Amino acid sequence: EYAELSNQFVVPVIHDEKLVAMVVMSLSIEVPLGSLDAVFGVEPKLRDGFLQVMFNHANVGGFSGNFTTNSNMGILREDLLRSAQTIIGNTARDILVLDIVRQEV
């Protein structure tokens, strides 16, 4: 099953202490059948953990340049999965990035 998180994530991209872009992402978590309640019961905590991962990714330049390469997105997915597993254990099997957009400001 896939637990699609209800709201998008919005991450600022800062360069030289100036806001240069915003990244908007939609995520789902792959879980075993019947485990959706385990996700949605702690969704605020998951969102907090995911945002911290995304902020860290942005701070090391992960959303700069060609940010959608397989290796770059793989690193982000692994970090997001690790964050989810910290909160809900092995119930989180994978992270799916449903949408990702970078908007220059």
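How each quantity is defined
Residues numbered from 1 in each chain as written. Predicted model: local features only at pLDDT ≥ 70, side-chain atom pairs only at ≥ 80, totals over all residues. Heavy atoms only, no water. Patch = residues over 30% accessible without salt bridge, like charges linked within 9 Å, V, L, I, M, F, W, Y side chains within 5 Å. Areas by Shrake-Rupley, 256 points an atom, 1.4 Å probe, with all protein chains shown as cover. Salt bridge = Lys/Arg side-chain N within 4 Å of Asp/Glu carboxyl O. Helix = DSSP H or I, 4+ residues; strand = E, 2+ residues; numbered from the N terminus. Buried < 20%, exposed > 50% of the residue type's maximum accessible area, 1.4 Å probe, protein only. Axes fitted to C-alpha atoms, helices over the stretch in contact; angles between N-to-C directions. Parallel < 35°, antiparallel > 145°, perpendicular 65-115°, else oblique. Left-handed = near helix turned anticlockwise from the far one by under 90°. Contact = heavy atoms within 4.5 Å.

A. Structural context of a nonpolar patch on the surface. Together, Ile-14, Leu-19 and Val-105 make up a nonpolar patch on the protein surface, roughly 280 Å² of accessible area in all. You can see Leu-19 is positioned in strand β3 (residues 18-30). Exposure remark for Leu-19: the relative accessible area of 43% places this residue in the partly exposed category.

B. Quick look at the packing of helix α2 (residues 43-59) against helix α3 (residues 70-88). Put simply, α2 and α3 touch, their axes get as near as 9 Å, and they point 150° apart. Between α2 and α3, the crossing angle belongs to the class labelled roughly antiparallel. In the packing of α2 onto α3, the handedness of the crossing is right-handed. Touching Lys-45, Leu-46, Gly-49, Phe-50, Val-53, Met-54 and His-57 of α2 are Asn-72, Leu-76, Asp-79, Leu-80, Ser-83, Ala-84 and Ile-87, all from α3.

C. Here's a closer look at the pattern of salt bridges. Counted according to the given criterion, the structure contains 2 salt bridges. A salt bridge links Asp-79 to Arg-82; the nearest nitrogen and oxygen atoms lie 2.5 Å apart. With a gap of 3 residues between them, Asp-79 and Arg-82 both fall in helix α3, about one helical turn apart. Classification of Asp-79 as partly exposed rests on a relative accessible area of 26%. The class of Arg-82 is partly exposed, set by a relative accessible area of 48%. Put simply, Arg-102 and Glu-104 hold a salt bridge, and the shortest N to O gap is 2.5 Å. Glu-104 sits in the partly exposed class, given a relative accessible area of 47%.

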